[in-house]
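Listed here are the chains, written in short residue letters.
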Amino acid sequence: MTLGLINANPVVHAKKERVARTEDPHGDDAVDPLDIYDFVRDIRDPEHPYSLEQLSVLSEESITVDEKLGRILITFTPTIQHCSMATVIGLCLRVKLKHCFPPHYKVDIKVSPGSHANEESVNKQLNDKERVAAALENPNLRQLVDECLYSSEL
């Protein structure tokens, strides 16, 4: 049995030009949403040979940082409401961000409100440490995440 693509014809957008920055206006420990976006924008979609940026799953505006509370919130929008890869996309974001920001920051990853049929369930899975750890122990799922993170086809 061959599984077809959930979204066989996604809308593909042009990549934005990267902003070159030579100095850090925020200091050593501050986190800038644009830095986070630049770090995760090239993650490949698990179902298509396009980046999350190209599919408009992620944008600069979908990342917020609250320095006072030490929180980073990434909100992504799956290409379709019944996207079966939403949790994989969230895992990719979490793995990519795992070690690159100061340890006192809490990273929350959520689907955009109203963008997924199982929004509450997906959000719960993506922000539960035990579920994330268990998912990443699955060798097939870990391989898929690694392929999305380290794909050189983009």
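Residues numbered from 1 in each chain as written. Predicted model: local features only at pLDDT ≥ 70, side-chain atom pairs only at ≥ 80, totals over all residues. Heavy atoms only, no water.

Participant: Where do I start with the packing of aromatic side chains in this structure?
Facilitator: Between two aromatic rings, the relevant description is the distance of the centres plus the angle of the planes. With the rule as written, the count across this model stands at 0 aromatic pairs. The lysine or arginine in question, Lys 96, covers the ring of Phe 39, its NZ or CZ lying 5.0 Å from the ring centre. (Phe/Tyr/Trp six-rings, centres within 6.5 Å; stacked < 30°, edge-to-face > 60°. Lys NZ or Arg CZ within 6 Å of the ring centre and 35° of its normal.)

Participant: Sorry, what's going on with empty space enclosed by the protein here?
Facilitator: Taking a probe equal in size to a water molecule and rolling it over the atoms shows the remaining empty space. In total, this model carries 1 cavity of 30 Å³ or more according to the counting rule given. Lining the largest cavity are Asp 45, Glu 47, His 48, Val 57, Pro 78, Thr 79, Cys 83, Met 85 and Ile 89. (1 Å grid on protein atoms, 1.4 Å probe; cavity = no way out; pocket = protein on both sides within 12 Å on 5 of 7 lines; lining within 4 Å. Points joined across faces, edges and corners; volume = space filled by probe spheres on them.)

Participant: Explain the side chain of Asp 45 here, please?
Facilitator: Mapped onto the secondary structure, Asp 45 falls in the loop between α1 (33-40) and β1 (63-66). Arg 44 is the oppositely charged side chain nearest to the buried, salt-bridge-free Asp 45, at an N-O distance of 6.4 Å. A distance of 3.1 Å separates a polar side-chain atom of Asp 45 from the backbone nitrogen of His 48. With residues near it in sequence (within four places) discarded, Asp 45 still touches Tyr 50, Ser 51, Leu 52, Leu 55, Ile 89 and Cys 148. (Helix = DSSP H or I, 4+ residues; strand = E, 2+ residues; numbered from the N terminus. Buried < 20%, exposed > 50% of the residue type's maximum accessible area, 1.4 Å probe, protein only. Lys, Arg positive; Asp, Glu negative; His and termini not counted. Salt bridge = Lys/Arg side-chain N within 4 Å of Asp/Glu carboxyl O. Polar contact = N/O pair within 3.5 Å; in protein donor to acceptor, adjacent residues only side chain to side chain. Contact = heavy atoms within 4.5 Å.)

Participant: Mind showing me how you'd approach the layout of surface pockets here?
Facilitator: Of the voids in this model, the largest pocket is the one considered here, and its volume is about 490 Å³. Forming the walls of the largest pocket are 18 residues, and the residues nearest its centre are Arg 94, Lys 98, Tyr 105, Val 107 and Lys 129. Going through the elements one at a time, α2 (86-97), β3 (106-111) and α4 (129-137) are the ones with two or more residues in the lining of the largest pocket. Considering each element in turn, the lining of the largest pocket owes the most residues, 4 residues, to α4. Across the lining of the largest pocket, the residue classes break down as 11 nonpolar, 1 polar and 6 charged. (Nonpolar A, V, L, I, M, F, W, Y, C, P; charged D, E, K, R; others polar.)

Participant: Quick question: what am I supposed to make of the pattern of salt bridges here?
Facilitator: Opposite charge on two side chains allows them to pair when their charged atoms are near. With the rule as written, the count across this model stands at 6 salt bridges. The closest approach of N and O atoms between Asp 108 and Arg 71, which form a salt bridge, is 2.3 Å. Residue Asp 108 is found in strand β3, and its partner Arg 71 is found in strand β2 (residues 71-76); the two are separated by 37 residues along the sequence. Since its relative accessible area comes to 35%, Arg 71 is described here as partly exposed.

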